[in-house]
Amino acid sequence: MQTANVAPPGAPEPWRDPEAEPYVRIIGVTKRYGATVAVDDVSLDIYRGELFCLLGGSGSGKTTLLRMLAGFERPDQGRILIDGQDVAAVPPYARPVNMMFQSYALFPHMTVAQNVAFGLRMEGLPRAEIAARVGAMLDLVRLTGLERRRPHELSGGQRQRVALARSLVKRPKLLLLDEPLGALDKSLREQTQFELVNIQERTGITFIMVTHDQEEAMTMATRLAVMHHGYLAQVGTPAEVYEYPQTRLVAEFLGTANVFEGIVTKAGATGALVESTEFDAVFESDTDPPKPVGARVFVAVRPEKMRVRKAAEGERAGTNRLVGAVRDIAYYGDFFMFVVDLPDGRSVRVSQPNLARVTELPITWGDRVAVDWPPLATVVLPE
Amino acid sequence: MSWRLPAGRTLVLALPFAWLGLFFLFPFLIVARIALSEAALGIPPYAPLLRRDEQGTLAIVLNLGAFALLVEDSFYLDAYLRSLRVASLSALLCLLAGYPMAYAIARAPERRRNLLLLLVVLPFWTSFLLRVMAWIGLLADNGVVNNILLGLGLVTEPLRLLYTETALYLGIVYCYLPFMVLPLYANLVKLDPALLEAASDLGARPWRAFLAVTLPLSLPGILAGFMLVFIPAVGEFVIPELLGGPDAQLIGRVLWTEFFQNRDWPMASALAVVLLLLLVLPIAWFQHLQGRAGGGR
Amino acid sequence: MSGRLGRLWIALGVGYAFLYIPIALLVVLSFNDSRLVTLWTGFSLRWYAALWHNDALVTAAWLSVRIAAVAATGATALGTAAGFALARFGAFRGRSLFGAMVAAPLVMPEVITGLSLLLLFVALAEAVGWPGERGVTTVTIAHITFATAYVAVVVQSRLSDFDRSLEEAALDLGARPWRVFLLITLPLIAPALAAGWLLAFTLSLDDLVIASFTSGPGASTLPMVVFSALKLGLTPELFALATVIIVVVSFGLALALRLGRVASARVGG
């Protein structure tokens, strides 16, 4: 699942460097519409050259935050600094920021070339320079030859690339992308993900992208922020957020997670023992920050980190081991997902990679199975 | 667009606001004022409302004479009732004729719909008076219909068609039919055909499906169309004047006569005030619909 | 189902016959040689020649066309502003009054509009000495007033389907608000403005009642002249006039549609 974000050795990670100067600073920004708080006291630093993803469901405030960066909405409280400049009073047409709209917002009465040239015309650049820059940009997004077409004569993918070209050609300090892949079909989307990352790396422009698609955010982002009800639930690299979710919400929003409730019975320097309050089992973790004994906590385990096998005669739940009966088996092609009913009425999801061509699994519906996992897979959620 | 200069906005708003205020809203106040003054010989033919009496004190002279006459003389009351009856029956006839048309156009293949709709609207773009004239040509004693009937030997002497109630209704329905079809079409075309399929899948025969699904959902279109025909038809002048008989005294025609022939401006104004009061509710309701349609998205 | 659909098509056909037979009749009878309009005696163009030489009708027609052109232009300007205010300004003070003033002329009986405007002009003449005499100016003002409502509705409905992100994109690319309006908004709503203008033009050209109230001596519009002629009886010239109007309107609409189609093809509509 993670390709683009796996940092090659030595790749810059400015957010780990306390000396590094943030490029975009969002400081205590709040936006209300009547009684609803769309964006709730959000503070966020984004560094030069990042491809930062705002990830969240509808109504999470991610688009409002993006529109405040573009200048279409004004924060009720807080400040936004771009490259050191406070942009609160700067109207959208004077900001060094460009946006790629979810609907693309291509001007229907202009050709591809006129659309791309629009921003440069507004700057009053000489004709020759406009032509050269538009040509180079259309080359970058592989649209050479389509200059004289109008938007309705293009395919969805081509329109998407015109929108990208139009917003990039002004060489903004910051490019905002509102669900840039949302209107494309699935097969085109994956290819376009790589293209976008590629173009971002080649141009070096800082991208802030809004998406509701977690897979898209995971594969493309240098870092991502999970937004929920207007606040930032967690910020980090995709791997950090996936492997070390801070809250139950984040654990369940990104990927799938089995979440259990328990009480800390033993706490080490790292890791803990947590006794389930739901059934007779103990969760052992060995990498999490310590928690006080007696604290009520949530524990998360991801399905792909668990193993399922037929239970031995009389086998019972124990440390990092649950026992139950298979209720459902879903075939996804690349993996199987088992839903195992536990004796107390809860169930747990376990996935197993499809390593061979098997039509008959050794495990079938109704089988008593044991599910277990190593301590490294147990996440004791900090909150 | 909170960044737009308020000054520009104010100008954009102020121009039509001022124009309509001066030339549409304000005149109603004048009508109301003149309805309350006495008829007088002269130019303009009404007595001023504010005048000095013999002692030189300023007095407001309210004259309810026009309104009193309006109530006392059953001629006016009858004209109002006749107008309401003719307008509502005409709107109903338009609905009966227009609903199947709008429904058929909405169910037509998509690329044909615009043409079919255009054919409904097209007559509206040609002269209203001359279309009414065509009906005179059709219905007159020596008109086309009678010529054909006589020629075929179906009748021995011309039928009296023109200057009858039939001619009046034919004329109104003919002229206002597009106003019924357009809102009905706009409503029916948005109706998801899957709803009817679902109804029929659940066992409703076509007529039941129509009564249970299409008709209730098209109610807003029906009401809008009804209002668009009813309101202007209440005050219609030309059609009763040219096609209706001497007894087709609808209120628009009565008002015209009071104004142009009797030169009784206060009476004409009083008639207008009462007509407006009659129509205020339907007009306000229409405006409410209009506002919802405009501000809905 | 097919039987029911069949009946629907018959209803549609009957409806079109009802709408078009009288119009066809106007055209056919305009070529009738007889002075008795409705009795066919033979083909002739004589009534077109008579129409051409009927000074009263020709003068009135030109007057009406001039009034309609000015009124349509004025109504398009005011109606566009009103449509913009209603579609874009959100909830401003006096919005419901403004909305009522814009929508009400659509359904206001013409006799009321006409009477009230006339009384306004009389009162104004008394109070400020303007308008000195009623005629072309007062009719034009009256026509602008009621046609503004139609234009406003057309413009408002076009703006309500307008994709606001197009304007935001232009702003984002560095266009100041007035350039956004000129380069993006105006070209995209131009077909609606043209439709509004045509509608206002036709309404003005066609109006009898309001013009009768607000006009004065020496300024008789075409419908006023036609109406007084009709009161005296049908004349073949009027049928020729009707045919000329039908032909001109058909050509005008066909041209407008063609232009509209080109425009919408250009914007992919």
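Worth saying up front: this structure is predicted, and the values here are computed from it rather than measured. (Residues numbered from 1 in each chain as written. Chains lettered and ligands numbered in written order. Predicted model: local features only at pLDDT ≥ 70, side-chain atom pairs only at ≥ 80, totals over all residues.)

**Thoughts on the overall build of chain A**
This is how the line gets drawn: Numbering of helices and strands starts at the N terminus; helices are DSSP runs of H or I of at least 4 residues and strands are runs of E of at least 2. Here a residue counts as buried when 20 or more other C-beta atoms sit within 10 Å of its C-beta, as exposed when there are 12 or fewer, and as partly exposed otherwise, the C-beta atoms being derived from the backbone. Whether two residues are in contact is decided by their C-beta atoms, placed from the backbone, lying within 7 Å.
Helix and strand content of chain A: eight helices and 20 strands. If one aligns the C-alpha atoms of chain A with their principal axes, the spans along those axes are about 80 × 50 × 45 Å. A buried classification covers 41% of the 383 residues belonging to chain A. Excluding contacts between residues fewer than 6 apart, the proportion of contacts in chain A whose partners are at least 24 apart in sequence is 64%.

**Some thoughts on the domain arrangement of chain A**
The following threshold applies: An automatic or database domain assignment is the source of the domain bounds shown.
According to the domain assignment, chain A consists of domain 1 (14–237) and domain 2 (256–380). Distance between the C-alpha centres of domain 1 of chain A and domain 2 of chain A: 40 Å.

**Describing the sheet that holds strand E11 (residues 258–267) of chain A**
All names here are of chain A. Worth spelling out the cut-off: Whether two strands pair depends on DSSP finding at least two bridges between them.
The strand order across the open sheet built from five strands is E13-E12-E11-E14-E20, with neighbouring strands paired in antiparallel fashion. Whereas interior strands pair on both sides, the edge strands pair on one side only; in this sheet they are strand E13 (282–285) and strand E20 (379–380). Where strand E14 (residues 296–301) and E20 come together, two bridges link them in antiparallel fashion. When the bridges of E20 are listed, Val299 appears paired with Val380.

**Let's talk about the interface of chain B and chain C**
How big an interface is tends to be stated in terms of accessible area lost as the parts join. Each partner contributes residues to the interface: chain B has 75 residues there, and chain C has 71 residues. The greatest single-element share of the side of chain B that touches chain C, amounting to 18 residues, is contributed by helix H1 (residues 6–35) of chain B.

**Digging into the sheet that holds strand E5 (residues 85–86) of chain A**
Residues and elements named next belong to chain A. Strands sit in the order E2-E1-E4-E5 across an open sheet of four strands; the sheet is antiparallel. Edge positions in the open sheet fall to strand E2 (36–46) and E5, since each of these has one partner strand only. Note that strand E4 (residues 77–82) and E5 share two bridges and pair antiparallel. Paired with Ile82 across the strands is Gln85, a residue of E5.

**Some words on the interface of chain A and chain C**
Test applied: Residues are sorted three ways: Asp, Glu, Lys and Arg are charged, Ala, Val, Leu, Ile, Met, Phe, Trp, Tyr, Cys and Pro are nonpolar, and all the rest, Gly among them, are polar.
At the interface, 20 residues of chain A touch 18 residues of chain C. Those elements giving two or more residues to the side of chain A that touches chain C turn out to be strand E6 (97–100) and helix H2 (112–123) of chain A. Here the side of chain A that touches chain C is built from residues that sort into 12 nonpolar, five polar and three charged.

**A few points about the nonpolar core**
Defined as follows: To form a nonpolar core, buried Ala, Val, Leu, Ile, Met, Phe, Trp, Tyr and Cys residues must be joined through C-beta atoms within 7 Å.
Ranked by size, the top nonpolar core spans 284 residues in total, and within it Leu176(A), Leu271(B), Leu115(C) and Ala200(C) carry the most contacts. Broken down by element, the residue count for this core peaks at 16 residues, all from helix H7 (residues 165–188) of chain B. Among all residues touching Leu271(B), those that are not within four sequence positions of it are Tyr76(B), Ile251(B), Val254(B), Leu255(B) and Glu258(B).

**As for the packing of helix H3 (residues 74–107) of chain B against H7(B)**
Residue and element names in this part refer to chain B. Stated formally: To get an axis, fit a line to the C-alpha atoms, keeping to the stretch in contact for a helix; angles then go from 0 to 180 degrees between the N-to-C directions. With respect to orientation, any angle under 35 degrees is reported as roughly parallel, any angle over 145 as roughly antiparallel, any angle of 65 to 115 as roughly perpendicular, and every other angle as oblique. Each crossing is labelled by how the near helix is turned from the far one, with a counterclockwise turn of less than a right angle marking it left-handed and a clockwise turn marking it right-handed.
Interaxial distance between H3 and H7 falls to 7 Å at its minimum, and their mutual angle equals 45°. Taken together, the axes of H3 and H7 are oblique relative to one another. The handedness of the crossing between H3 and H7 is right-handed. Broken down by class, the residue content of the contact of H3 with H7 amounts to 23 nonpolar, two polar and no charged.

**Looking at the confidence of the model for chain C**
Residues and elements named next belong to chain C. Quick reminder of the rule: Each residue carries a pLDDT value, the predictor's own confidence for that position, ranging from 0 to 100.
Confidence along chain C averages 88 in pLDDT terms, with 95% of residues attaining 70 or more. Mean pLDDT values over the elements of chain C span from 83, in helix H11 (residues 236–266), up to 95, in helix H9 (residues 209–214). Here the predicted complex carries an ipTM of 0.87, next to a pTM of 0.83.

**Quick look at helix H7 (residues 164–172) of chain C**
H7(C) sits mainly inside the fold: seven of its nine residues count as buried. Buried residues belonging to H7(C) abut helix H1 (62–70), E6 and H2 of chain A together with helix H8 (177–206) of chain C. Two residues or fewer after H7(C) comes Gly174(C), characterised by a positive phi angle close to 105°.

**Observations regarding the pairing of E4(A)**
Residues and elements named next belong to chain A. Here strand E1 (residues 24–33) runs beside E4; their pairing, made up of five bridges, is antiparallel. The partner of Thr30 across the bridge, within E4, is Gln77. From the end of E4 to the start of E5, which pair antiparallel, there are two residues, and Asp83 there has a positive phi angle of about 50°.

**Observations regarding the environment of Phe107(A)**
When you line up the elements, Phe107(A) lands in the loop between E6 and H2. It is 15 Å that separates the C-alpha atoms of Phe107(A) and Leu120(A), two residues lying 13 residues apart in sequence.

**Thoughts on the pairing of strand E18 (residues 347–353) of chain A**
Residues and elements named next belong to chain A. Across seven bridges, strand E17 (residues 335–341) lies against E18 in antiparallel orientation. The residue of E18 that forms the bridge with Phe338 is Val350. In sequence, E17 turns back onto E18 through a hairpin of five residues, with Gly345 there showing a positive phi of about 105°.

**Details of unusual backbone geometry**
The peptide bond linking Trp130(C) to Pro131(C) adopts the cis configuration, its omega dihedral lying at -5°. Position of Pro131(C) relative to the elements: it lies in the loop between helix H5 (110–128) and helix H6 (136–160). The backbone of Arg171(A) shows a phi angle near 50°, a positive value even though the residue is not glycine. Mapped onto the elements, Arg171(A) comes out in the loop between helix H4 (156–168) and strand E7 (174–178). Among the residues examined, Arg171(A) registers 15 C-beta atoms within 10 Å and is labelled partly exposed.

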